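These are the residues of each chain, in order.
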Amino acid sequence: FFFLMIRRPPRSTQSRSSAASDVYKRQVLLGCVLSLDNGLGQKPPMGWNSWNKFACEINETLIQQTANRLVETGLAALGYVYVNLDDCWQLSRDINGYIVEDNNTFPSGIKALSDYVHSKGLKFGLYSDAGFLTCQKRPGGLMYERQDAQKYAEWEVDYLKYDNCYAFGIPVKWRYERMRNALNETGRPIFFSMCEWGFKDPAHWAREYGNSWRTTGDINDTWASFLDILDLSLIHI
């Protein structure tokens, strides 16, 4: 469980300029809040996600190399243990509604890739969507939550990022609750990361549904983007 807490400036500095005040506001501490009770999220999850650098250009060799580098550089020893695939790993569904990986880019299968990541002492994450399609128009999880959750447990997935595209106005809480329940029914602890974009103010309700929840739009790899998102997040404290 975690949230951001503002460290207030000392009284002697409270009259400083607004620019200085902004600096103080960006000094954040970790605390505790209640969230989905599956034993996970007591510390912020740290690791790597494929999207910002590679988008849909992912394959099993890239993921294996990334896992290797997390270990070789010492980042894993510092707690950066999640290796998370974002969109485009999935291709279709079989006749029973179970999700099927793209065998062109993941010829050994997702279970074999999960096993490889785990063999390095790391954790393995996947991406899906609380809509009928993912943001890149791959099969989404809506109405297939139970099949998907069963498959994730079978593949020994540790983390699920759940996006918010192509939901066509279906209530957001209802959609995320369905996947929360399906994950819990598997009996496997899977970190549930809600990528709702902040449109429906998840900071005020998502603790009952997920282990973490996104409160803003996309981030990019600049400090300006990071600080903009941090400032937007502070309004929820």
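Our subject is the structure that appears above.
First things first, this report covers the structure right here in the doc. What you are looking at is a predicted structure, and each value in this text was computed from that prediction instead of being measured.

**Some remarks on the overall build of the chain**
Okay, so step 1: When helices and strands are tallied, the chain shows seven helices and 10 strands.
Okay, so step 2: Counting every position in the chain, which comprises 237 residues, the buried fraction comes to 43%.
Okay, so step 3: Contacts in the chain between residues far apart in sequence, at least 24 positions, make up 67% of those at least 6 positions apart.
Okay, so step 4: Split by element, the accessible area of the chain, about 12,700 Å² in all, is 53% carbon and sulfur.

**Notes on unusual backbone geometry**
Okay, so step 1: In this structure, Lys137 takes a positive phi of about 65 degrees despite not being glycine.
Okay, so step 2: Within the element layout of this structure, Lys137 appears in the loop between β7 (123-129) and α5 (145-154).
Okay, so step 3: Exposure remark for Lys137: the relative accessible area of 56% places this residue in the exposed category.
Okay, so step 4: Despite not being glycine, Trp197 has its phi angle at roughly 75 degrees, a positive value.

**Some points on helix α3 (residues 60-72)**
Okay, so step 1: Along its 13 residues, α3 runs 18 Å from first to last C-alpha, staying within 8% of the 18 Å computed at 1.5 Å per residue.
Okay, so step 2: Within the sequence span of α3, burial applies to Glu60, Leu62, Ile63, Thr66, Ala67, Asn68 and Leu70.
Okay, so step 3: If you follow the buried residues of α3, they end up packed against β3 (47-49), α2 (51-54), β4 (82-84) and α4 (110-119).
Okay, so step 4: The opening residue of α3 is Asn59, an N-cap whose side-chain oxygen sits 3.0 Å from the backbone nitrogen of Thr61.
Okay, so step 5: Immediately downstream of α3, the backbone of Gly74 shows phi near 85 degrees, a positive value.

Analysis parameters
- Residues numbered from 1 in each chain as written.
- Predicted model: local features only at pLDDT ≥ 70, side-chain atom pairs only at ≥ 80, totals over all residues.
- Heavy atoms only, no water.
- Helix = DSSP H or I, 4+ residues; strand = E, 2+ residues; numbered from the N terminus.
- Buried < 20%, exposed > 50% of the residue type's maximum accessible area, 1.4 Å probe, protein only.
- Contact = heavy atoms within 4.5 Å.
- Areas by Shrake-Rupley, 256 points an atom, 1.4 Å probe, with all protein chains shown as cover.
- Expected span 1.5 Å × (residues − 1).
- Polar contact = N/O pair within 3.5 Å; in protein donor to acceptor, adjacent residues only side chain to side chain.

Any link to function would need more than the numbers given here.
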